[in-house]
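# Residue-level structural notes
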Amino acid sequence: MDELNEMTNKTRLAAAANTLAPALGILQELGYVVTRDKTTEPQYQAENDNCIFIADDLLSLLGLVKIYATRGAAFQPSDDEVQRILLLESDDDEE
């Protein structure tokens, strides 16, 4: 493969049905027990000895676990992060 092709060939991964099973597998590999509560709003729950995470879907659940793994209890966004999300959202309004 030449250098130009190496630079332009990027792996693309989208949130879709084929990513749900890997998300569940990763959560289980990390030691979480994953359940689904169907009593009110259907939600997934990942629980271990220390934490409980709740989300509407498995990909979001995995995202919460990753946020906590990266930041711990200090996961709240900084002012700069909030500003960046607002700017990103405002870019959507211009289209």
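The structure we're discussing is the one just above.
All of the points below concern the structure found in this document.

Criteria and cut-off values
- Residues numbered from 1 in each chain as written.
- Predicted model: local features only at pLDDT ≥ 70, side-chain atom pairs only at ≥ 80, totals over all residues.
- Heavy atoms only, no water.
- Helix = DSSP H or I, 4+ residues; strand = E, 2+ residues; numbered from the N terminus.
- Buried < 20%, exposed > 50% of the residue type's maximum accessible area, 1.4 Å probe, protein only.
- Contact = heavy atoms within 4.5 Å.
- Areas by Shrake-Rupley, 256 points an atom, 1.4 Å probe, with all protein chains shown as cover.
- Phe/Tyr/Trp six-rings, centres within 6.5 Å; stacked < 30°, edge-to-face > 60°.
- Pairing = 2+ DSSP bridges.

## Focus on the overall build of the protein chain
Broken down by element type, the protein chain carries 4 helices and 3 strands. Sequence-ordered secondary structure for the protein chain, helices as α and strands as β, is α-α-β-β-β-α-α. Counting over 95 residues, the protein chain shows a buried share of 16%. Residue pairs at least 24 apart in sequence account for 25% of intrachain contacts in the protein chain once pairs closer than 6 positions are excluded. For the protein chain, the computed accessible surface area is about 7,900 Å², with 53% contributed by carbon and sulfur atoms.

## Some remarks on the packing of aromatic side chains
For the structure on display, the rule yields 2 aromatic pairs. Each ring, one from Tyr-32 and one from Phe-53, has its centre 5.8 Å from the other, and the planes form 70°; the classification is edge-to-face. Separated by 21 residues along the polypeptide, Tyr-32 in the loop between α2 (20-29) and β1 (33-37) and Phe-53 in strand β3 (residues 52-55) bring together distant segments of the chain. These aromatic residues form a ring-pair network of at least three members: Tyr-32, Phe-53 and Tyr-68.

## Re the pairing of β1
Direction of pairing for β1 relative to strand β2 (residues 43-47): antiparallel, over a ladder of 5 bridges. What sits directly across from Val-33, in β2, is Glu-47.

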